[in-house]
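Close look at the chain arrangement
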Amino acid sequence: MQRTDTFGGVPPPGLYEHLVVHVRHRPFRRVLRTRGYVWFVDIDALPRLPRLLRPFARFAVRDHMGDPRGTLRGNLERWLAERGVRLDGGPVRMLAQARVLGYVFNPLTVFWCWYPDGRLACVVAEVHNTYGERHRYLLPGPSADAPEPGLPLPPHSYGADKTFYVSPFFTVDGRYEMRLPPPGPRLSLRVSLHQAGERVFDAVWSGVRRPIGAAAFARLLLLHPLAPQRVSAAIRRHGAALWLRGLPVVPRGRTAPGARGAVPRSASLFCGTGDR
């Protein structure tokens, strides 16, 4: 897989007010749209808000893969080192949801990892399903890939085989195509799933950057109260609608290699109804 992108700097932290659109293309078309906000943070300097706002934005190590007693950086660097990637203390930015009143719903967390000299080392896409399981996809930086025949990938684009169960309406096979540029003034991400030679699903994140601060965050809280709870409920309703239309359910097998967490297979069907 050949890469062509280069990076001129590490983007500053920010808040993004965003729209997320899920589009299922097969066997029928169905669209889910949710609005909210997402944090883009330096994992070594997480935001500290005024005391009254802190219950609405808490970042917890246990919400991501690794030792819950450790740190975000320590857990990430250990995982990367096991795969031959060493950041040597370079900056890392994380795009993720924070806990709101103790609840978090984080379907996709993205880590952008740079070397100290500003070169992109890799991108890590951490996928969470609603069964309490997590899985990471390592997406190498521009200098880490050996060229393959064919056209180079567009800037900030990656491919990865699907190896993790997310939706009860998709089998664990196929390939993801991801476009994950580091956010700047705007957020623009896309993840597409291809199976049997067809694009069957798209997820698109688009948003506008807001400064991290008490006033901007309070405004987003008023516009999007209890955002993770509402998004989680919307995804479950979406799954129920798919099931009522007769979409067959794919049994959940074993946890994918490298994934963390599990719940009994007898868990409710609508515990994990988001497409992907």
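It should be noted that the structure appears before, not after, this text.
The following refers to the structure shown. Keep in mind that what you see is a predicted model, and the values were worked out from it rather than measured.

1. Structural notes on the overall build of the chain
- Along its length, the chain carries 3 helices and 10 strands.
- The order of helices and strands in the chain, counted from the N terminus, is β-β-α-β-β-β-β-β-β-β-β-α-α.
- Taking all 276 residues of the chain together, 51% fall into the buried category.
- A separation threshold of at least 6 residues defines the contact pool for the chain, and within that pool the share at least 24 residues apart is 63%.
- On the chain, roughly 13,000 Å² of surface is accessible, and the fraction owed to carbon and sulfur atoms is 55%.

2. Side note on helix 2 (residues 214-223)
- Buried within helix 2 we find Ala216, Phe217, Leu220 and Leu221. The buried side chains of helix 2 occupy one side of the element, clustering within an arc of 140° when seen end-on. Along helix 2, the residues that are exposed and aim more than 90 degrees away from the buried face are Ala215 and Leu222.
- Buried positions along helix 2 lie against strand 1 (14-24) and strand 2 (30-42).

3. So, the sheet that holds strand 4 (residues 108-114)
- On the basis of which strands lie adjacent, the open sheet formed by 10 strands has the order 6-5-4-3-2-1-10-9-8-7 and antiparallel pairing. Of all the strands in the sheet, the pair left with one neighbour each is strand 6 (134-140) and strand 7 (157-161). Within the sheet, the average angular offset between the axes of one strand and its neighbour, ignoring direction, is 20°.
- Pairing of strand 9 (residues 186-195) with strand 10 (residues 198-210), which is carried by 10 bridges, proceeds in the antiparallel orientation. Opposite histidine 194, over in strand 10, you have arginine 199 as the bridge partner.
- The strands touched by helix 1 (residues 72-81) within the sheet are strand 3 (92-96), strand 4, strand 5 (120-128) and strand 6, with strand 6 carrying the most contacts at an inclination of about 65°.
- Running over the sheet, helix 2 touches strand 1, strand 2 and strand 10 and is turned about 30° from strand 1.

Calculation criteria
- Residues numbered from 1 in each chain as written.
- Predicted model: local features only at pLDDT ≥ 70, side-chain atom pairs only at ≥ 80, totals over all residues.
- Heavy atoms only, no water.
- Helix = DSSP H or I, 4+ residues; strand = E, 2+ residues; numbered from the N terminus.
- Buried < 20%, exposed > 50% of the residue type's maximum accessible area, 1.4 Å probe, protein only.
- Contact = heavy atoms within 4.5 Å.
- Areas by Shrake-Rupley, 256 points an atom, 1.4 Å probe, with all protein chains shown as cover.
- Arc of directions from axis to C-beta.
- Pairing = 2+ DSSP bridges.
- Axes fitted to C-alpha atoms, helices over the stretch in contact; angles between N-to-C directions.

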